[in-house]
Amino acid sequence: QQQQQQQQQQQQHEPLSLTVATPDWDDAEAFVLELGKVPSFALRLELWSFEHSFQEQFVTFETGAVEISRACEIMRQSSRIRRLLALALSVGNYLNAGTARGRADGFSVDSLQHLRNLKAPVPANGVNTLLDFLVQQLERSLPGDLEGAFSEGGEQPVVKAAARHKLDELRTDLDSFKAKSELLMRHAEAPENDETLRLRARRADLRQVRELSPLQSKLTAAQDSYQDLCLWFHEGIGKPARTSDEFFAVWDDFLLAVQSSLAGLEKAKEGKRRASRSVAGSRRLAAAGFKVGPAKAD
């Protein structure tokens, strides 16, 4: 009994020992805990994200710069657009003869809509609007030439592609992307990080310097080309110029209207050809002694 009392006294004076059981984590939770042990994990993840999204971002910026520059070039150099605008100006001066607008030497892009809205007094042969008349005259002078505007590499597909991009936003987004990448590289190349991370950051830094700087030059060139195009079309005189996507969208819509006019004229021609063949057939039958008359309803 005395021995039991001594053991109880000894247990009372001994420090309390607690045993904490290790939780049985699920696979996903255990994986996250292991990731937390990786040095500079958040920074490594940002760098990894930058490397894997770089190409997609680069293609977006480069495609916009190239397609806008190409649209500016084709609008300035297109002989079809020059002929169409020259004829429209000539007809407009004729219609406005004797008025203050009758001796114009140019017109704004807003006038393109008027060409479609001005109706013919007596629609005939597929000509319902002033635009239909212009298309008809151009087809007579150079048959089939306007169709080239809608083929691959023609004016309409090129302009349509450019209308997808907002030039101002592309330039702003590229500046922001470049600034964020430079900040990320500085953090990743800090001395306190391990050599593997710093080496990877230096490779990424070299890539963004090598590829993003020329890309900024391409977007700047696209901006200069668009400003020159606006001056050529007197865009922005008296009121703010349209953004690039708005400007090219107006032209895309107009060129599609030209295509619709071409289709209408071709439909009218086909109708006349069918009528001519029918008359010729009737004459041949009559010459052979057959009586030809209108078909009777059942």
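Residues numbered from 1 in each chain as written. Predicted model: local features only at pLDDT ≥ 70, side-chain atom pairs only at ≥ 80, totals over all residues. Heavy atoms only, no water.

Chemist: Before we go on, may I ask you to explain the overall build of the protein chain in this structure?
Modeler: From N to C terminus, the protein chain includes 10 helices and 2 strands. When its helices and strands are written in sequence order, the protein chain yields α-α-α-α-α-β-β-α-α-α-α-α. In the protein chain, which comprises 298 residues, the share counted as buried stands at 31%. A separation threshold of at least 6 residues defines the contact pool for the protein chain, and within that pool the share at least 24 residues apart is 71%. For the protein chain, the accessible surface area stands at approximately 19,800 Å², while carbon and sulfur atoms represent 54% of it. (Helix = DSSP H or I, 4+ residues; strand = E, 2+ residues; numbered from the N terminus. Buried < 20%, exposed > 50% of the residue type's maximum accessible area, 1.4 Å probe, protein only. Contact = heavy atoms within 4.5 Å. Areas by Shrake-Rupley, 256 points an atom, 1.4 Å probe, with all protein chains shown as cover.)

Chemist: Looking at this structure, how should I read a nonpolar patch on the surface?
Modeler: Nonpolar side chains collect at one region of the surface, where Phe 41, Leu 45 and Trp 48 lie side by side and expose about 280 Å² of accessible area between them. Assignment of secondary structure puts Trp 48 in helix 3 (residues 41–77). What makes Trp 48 partly exposed here is its relative accessible area of 42%. (Patch = residues over 30% accessible without salt bridge, like charges linked within 9 Å, V, L, I, M, F, W, Y side chains within 5 Å. Salt bridge = Lys/Arg side-chain N within 4 Å of Asp/Glu carboxyl O.)

Chemist: Please clarify how unusual backbone geometry should be interpreted in this entry.
Modeler: A negative phi holds for most residues other than glycine; trans holds for most peptide bonds. In this structure, His 234 is a non-glycine residue whose phi angle is positive, near 55°. Tracing the chain through its elements places His 234 in the loop between helix 9 (195–232) and helix 10 (244–287). Residue His 234 is classed as partly exposed on the basis of its relative accessible area of 47%.

Chemist: Looking at this structure, how should I read the environment of Gly 92?
Modeler: Structurally, the position occupied by Gly 92 is in helix 4 (residues 79–95). Expressed as a C-alpha distance, the spacing of Gly 92 and Leu 130, which sit 38 residues apart in the sequence, is 9.6 Å.

Chemist: What exactly am I supposed to notice about the packing of aromatic side chains here?
Modeler: For any two aromatic rings, the description comes down to two numbers: the centre-to-centre distance and the angle of the planes. One pass over the structure, following the stated rule, counts 12 aromatic pairs. Ring geometry for Phe 61 against Phe 177: centres 6.2 Å apart, planes inclined by 50°, an arrangement best described as tilted. A residue pair is termed long-range when its members are at least 10 positions apart, and Phe 61 in helix 3 and Phe 177 in helix 8 (residues 167–188) qualify at 116 residues. For the pair formed by Phe 61 and Phe 177, the shared burial category is buried. (Phe/Tyr/Trp six-rings, centres within 6.5 Å; stacked < 30°, edge-to-face > 60°.)

Chemist: Teacher, can you tell me more about the side chain of Asp 252 here?
Modeler: Here Asp 252 lies in helix 10. For Asp 252, which is buried and forms no salt bridge, the nearest opposite charge comes from Lys 160, at a distance of 4.1 Å. At a separation of 2.7 Å, a polar atom in the side chain of Asp 252 contacts the side chain of Gln 156. Not counting residues up to four positions away in its chain, the partners in contact with Asp 252 are Gln 156, Val 159 and Lys 160. (Lys, Arg positive; Asp, Glu negative; His and termini not counted. Polar contact = N/O pair within 3.5 Å; in protein donor to acceptor, adjacent residues only side chain to side chain.)

Chemist: Help me understand the environment of Val 135, please; the structure alone is not making it clear to me.
Modeler: Among the structural elements, Val 135 can be located in helix 6 (residues 130–141). A C-alpha to C-alpha distance of 6.8 Å links Val 135 and Leu 262, two positions 127 residues apart in sequence. Setting aside residues no more than four positions away along its own chain, Val 135 makes contact with Leu 146, Val 258, Ser 261, Leu 262 and Leu 265.

Chemist: Teacher, can you tell me more about the pattern of salt bridges here?
Modeler: Two side chains bearing opposite charge may form a pair once their charged atoms approach each other closely. This structure, assessed with the given rule, holds 17 salt bridges. Ionic pairing is found between Arg 70 and Glu 73, a salt bridge with its closest N-O pair at 3.5 Å. In this pair, Arg 70 and Glu 73 are both assigned in helix 3, 3 residues apart and thus about one turn of the helix distant. Judged by its relative accessible area of 34%, Arg 70 falls in the partly exposed class. The partner of Arg 202 in a salt bridge is Glu 195, and the shortest N-O contact between them spans 3.0 Å. Given a relative accessible area of 32%, Arg 202 falls into the partly exposed group. Under the relative-accessibility criterion, Glu 195 is labelled partly exposed at 43%.

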